Amino acid sequence: MGGFGECSCDHCEEVMQPYLDRELTPEEHAEAEAHLAGCAYCGKRYRFEAELRVYVKTACREEMSPELKAKLVALRLPEA
Amino acid sequence: MAETERESEPRELAAEARNRVRFEEEALELADQVYRVARRLVSSREEAEDLVQEAYSRAFRSWQSYTPGTNMRAWLLRILTNLNIDRGRRLQRQPEPQPLEEGDYFLYNRMEQATGGGTDVERIDDRLSQDDIVGALSAVPHDFRDVIVLVDIGDFTYADAAQILDIPIGTVMSRLHRGRRILKRELAEKVGEP
């Protein structure tokens, strides 16, 4: 009931976020792994989600300018 | 005034100055990471630069309210997100996000359709450019975007994000889940574009 029996991909979809965020209990995690090992449908979607997160992080990365860094250094309080 | 009290004063001042310098150096070392998060909380580079400067200016002035040994990056981001929220976000009320029917597999299924199935859907960068991603993230409403930016870009834990935004951890989880779905819906629209 609600577990990862055969054909429980709806449940699998529900636990994808907590699984990837490492928020499942060890038992739930093991259950999810067991299901993923035997289910190509969910396996592909989990891999995709994991890669999407990496891609979002990489694509959104923008470094601060050296000018801003210098401005921050200049904001330090004067020596007492 | 007792003689000893007068003597100990300069020593205390020197110790305080050293602590302050140490604080400032540690805060400056975190500036790159703070900026990366700030950049995605707002829509332009200029806004991000102003916000980071304002946050550092405030942090340097109120350095004594930082508890040594605690997470300074989270402390700095808390100042920054508060400033960002104070800066008129309340004026521009966000429209309620539309009801969301799509599940977590939505984007994958959409890409599979777009590629006619079979092909390698996992190669996300073939289908979505860096600009698509940045554009989709900036289209996510603020409350949801803040959480995605802190957790997925800033690598903060749920607990840190909850503390930074001053919301319950359950709210972090639900906004994160909902926010990622909104992000995927935005991306799915871009997959459909020529």
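Residues numbered from 1 in each chain as written. Chains lettered and ligands numbered in written order. Predicted model: local features only at pLDDT ≥ 70, side-chain atom pairs only at ≥ 80, totals over all residues. Heavy atoms only, no water.

All right, on to the overall build of chain B then. Each helix and strand in chain B was counted, giving ten helices and zero strands. In chain B, the succession of helices and strands from N to C terminus is α-α-α-α-α-α-α-α-α-α. Burial statistics for chain B: of 194 residues in total, 46% are counted as buried. Taking as baseline every contact in chain B between residues at least 6 positions apart, the subset at least 24 positions apart corresponds to 72%. Accessible area for chain B stands at about 10100 Å²; split by element, carbon and sulfur atoms hold 45% of it. (Helix = DSSP H or I, 4+ residues; strand = E, 2+ residues; numbered from the N terminus. Buried < 20%, exposed > 50% of the residue type's maximum accessible area, 1.4 Å probe, protein only. Contact = heavy atoms within 4.5 Å. Areas by Shrake-Rupley, 256 points an atom, 1.4 Å probe, with all protein chains shown as cover.)

Moving on, we get to the layout of surface pockets. In this approach, a probe sized like a water molecule rolls over the atoms, and the result shows the empty space that is left. In this structure, the second largest pocket encloses a volume near 240 Å³. Taken together, the elements giving at least two residues each to the lining of the second largest pocket come down to α4 (40-59) of chain A together with α8 (142-153) of chain B. The element best represented in the lining of the second largest pocket is α4(A), accounting for three residues. Class assignment of the residues belonging to the lining of the second largest pocket gives a composition of five nonpolar, one polar and seven charged. (1 Å grid on protein atoms, 1.4 Å probe; cavity = no way out; pocket = protein on both sides within 12 Å on 5 of 7 lines; lining within 4 Å. Points joined across faces, edges and corners; volume = space filled by probe spheres on them. Nonpolar A, V, L, I, M, F, W, Y, C, P; charged D, E, K, R; others polar.)

The subject of this paragraph is the environment of A139(B). Mapped onto the secondary structure, A139(B) falls in the loop between α7 (130-138) and α8. A relative accessible area of 38% means that A139(B) is categorised as partly exposed.

All names here are of chain A. Averaged over all residues, the pLDDT of chain A equals 85, while 89% of them reach at least 70. Taken element by element, the predicted model of chain A shows its lowest mean pLDDT in helix α1 (residues 9-14) (80) and its highest in helix α5 (residues 66-74) (96). Within the model, pLDDT remains below 50 along residues 1-7, and this stretch shows twelve contacts once partners closer than five positions in the same chain are excluded. (pLDDT = per-residue confidence, 0-100.)

The next subject is the packing of α4(A) against α7(B). Helices that pack against each other are described as a pair by the angle of their axes relative to one another and the distance between those axes. Running from N to C, α4(A) and α7(B) cross one another at 90°; their axes reach a closest spacing of 9 Å. One element, α4(A), and the other, α7(B), form an angle in the roughly perpendicular class. The segment α4(A) lies against α7(B), with Y55(A), V56(A) and A59(A) engaging Q130(B), I133(B) and V134(B). Partitioning the contact of α4(A) with α7(B) into residue classes produces five nonpolar, one polar and no charged. (Axes fitted to C-alpha atoms, helices over the stretch in contact; angles between N-to-C directions. Parallel < 35°, antiparallel > 145°, perpendicular 65-115°, else oblique.)

Moving on, we get to the interface of chain A and chain B. Contacts between chain A and chain B engage 39 residues on the former and 48 residues on the latter. Taken over both partners, the interface formed by chain A and chain B buries close to 4300 Å², and the fraction arising from carbon and sulfur atoms is 59%. Looking only at chain A, the three residues that lose the most surface to chain B are F48(A), E62(A) and R76(A), adding up to 17% of its buried area. Linking chain A with chain B are eleven salt bridges, by the criterion used here. In this structure, the salt-bridge partner of R45(A) is E112(B), at a minimum N-O distance of 3.3 Å. Applying the counting criterion to the chain A and chain B interface returns 23 residue pairs in polar contact (both at pLDDT 80 or more). For the side of chain A that touches chain B, the secondary structure elements donating two or more residues are α1, α2 (16-20), α4 and α5 of chain A. In terms of residue count, α4(A) provides more of the side of chain A that touches chain B than any other element does, 15 residues in total. (Buried area = accessible area lost by both parts, 1.4 Å probe. Salt bridge = Lys/Arg side-chain N within 4 Å of Asp/Glu carboxyl O. Polar contact = N/O pair within 3.5 Å; in protein donor to acceptor, adjacent residues only side chain to side chain.)

Within this structure, the stated rule accounts for 20 salt bridges over all chains. Two residues, E49(A) and R53(A), come together in a salt bridge whose shortest N-O distance is 4.0 Å. In this pair, E49(A) and R53(A) are both assigned in helix α4, four residues apart and thus about one turn of the helix distant. Take E49(A) and R53(A): they sit in the same class, and that class is buried. Residue D104(B) is joined to R181(B) by a salt bridge in which the shortest nitrogen-to-oxygen separation is 3.0 Å. Here D104(B) is found in the loop between α4 (72-86) and α5 (106-114), whereas its partner R181(B) is found in helix α10 (residues 169-192), with 77 residues between them in sequence. A relative accessible area of 3% places D104(B) in the buried class.

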